[in-house]
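# An overview of the molecular structure
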Amino acid sequence: GVASPPGRPAMTDQTLSFLSPFAGGTSVGVAIEVPPPYTSALRQLREDVGDAAGVEIIPPHITLVPPTVLPSFDLTGVEAQLAKAAAATAAFTVELAGPGSFRPLSQVVYAALTQGEQECDALQQAVRQGPLAQELRFDYHPHVTVAQDVPPENLDAAEQALTGFRARFTVDSFALYELAPDNRWHTIRTFSLTGRP
């Protein structure tokens, strides 16, 4: 091994694993991605209201399972659960129109769903089983976040900018993400919705 300088303990495996944010495990999330051309419009909106962090971490999406820390890196059980949910769910239409907000409860402004809310709700219940089973802090409310934890005037600007926003698209898949060491969410696998309508 390498000799340590005096007074400094040797770097052991234990020291290294201590640096990992999820020692021995990983953090995952499940979401429906908003397809182009709406992705760029929503991204631009996020940048305009100063939510640069939000832009970088993950593309515009509707969350199905919020960030969840798992005790293991083995995602076999998770993928099996998601495949089962996808096979039982038919493709559906989502329509976004105008702004919504969770203020004052949390500092979030979002593009609101005017169609597809029930389908999103049924899908998130189907995926949030088995290894992904958890209690939600708030009731599930599908939405596409545009501004989060930015100054109040930026949240106001986001609401204003969303007033004329409209989007309509078919949801035929969802994605499993994993949080990488670079603190970005990376798509691990996409699951196609193959259930009968």
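For the structure itself, consult the block above.
Just so we're clear, the structure is a prediction, and the values are computed from it rather than from any experiment.

Inspection of the secondary structure puts Thr190 in strand 8 (residues 185-192). Linking Thr190 and Ala83, residues 107 residues apart in sequence, is a C-alpha distance of 9.4 Å. Setting aside residues no more than four positions away along its own chain, Thr190 makes contact with Ser173, Phe174 and Ala175.

Below, the discussion takes up the packing of helix 4 (residues 76-87) against helix 5 (residues 117-127). As a packed pair, helix 4 and helix 5 sit with axes 8 Å apart at the nearest point and diverge in direction by 145°. Of the two possible hands of crossing, helix 4 and helix 5 adopt the one that is right-handed. Contacts from Gln81, Leu82 and Ala85 of helix 4 reach helix 5 at Leu123, Ala126 and Val127. Grouping the amino acids of the contact of helix 4 with helix 5 by side-chain chemistry returns 5 nonpolar, 1 polar and no charged.

Let us now look at the environment of Gln125. Assignment of secondary structure puts Gln125 in helix 5. On a C-alpha basis, the gap between Gln125 and Val65 in space is 9.1 Å, while along the polypeptide they are 60 residues apart.

Here 4 strands make up an open sheet; going across it, the order is 5-4-3-6 and the pairing antiparallel. This sheet does not close on itself; its edge strands, each paired only once, are strand 5 (143-148) and strand 6 (166-171). Adjacent strand axes in the sheet meet at a mean angle of 30° when their direction is disregarded. Seen against the sheet, helix 5 touches strand 3 (92-101) and strand 4 (108-115) and runs at an angle of roughly 105° to strand 3.

The next subject is the sheet that holds strand 7 (residues 173-179). Taking strand neighbours across the sheet as the criterion, the 4 strands line up as 2-1-7-8 in an open arrangement whose pairing is antiparallel. Strands at the two margins of the open sheet, each flanked by one partner only, are strand 2 (61-70) and strand 8. Averaged over all neighbouring strand pairs, the angle between strand axes comes to 20°, with direction disregarded. Where strand 1 (residues 26-33) meets strand 2, 7 bridges bridge the pair, whose relative direction is antiparallel. Bridge assignment links Ala31 to a residue of strand 2, and that residue is Thr63. Of the strands in this sheet, strand 1, strand 2, strand 7 and strand 8 touch helix 4, which is tilted by about 40° from strand 8. On the sheet, helix 5 packs against strand 1, strand 2 and strand 7 and is oriented at approximately 20° with respect to strand 2.

Thresholds applied
- Residues numbered from 1 in each chain as written.
- Predicted model: local features only at pLDDT ≥ 70, side-chain atom pairs only at ≥ 80, totals over all residues.
- Heavy atoms only, no water.
- Helix = DSSP H or I, 4+ residues; strand = E, 2+ residues; numbered from the N terminus.
- Contact = heavy atoms within 4.5 Å.
- Axes fitted to C-alpha atoms, helices over the stretch in contact; angles between N-to-C directions.
- Left-handed = near helix turned anticlockwise from the far one by under 90°.
- Nonpolar A, V, L, I, M, F, W, Y, C, P; charged D, E, K, R; others polar.
- Pairing = 2+ DSSP bridges.

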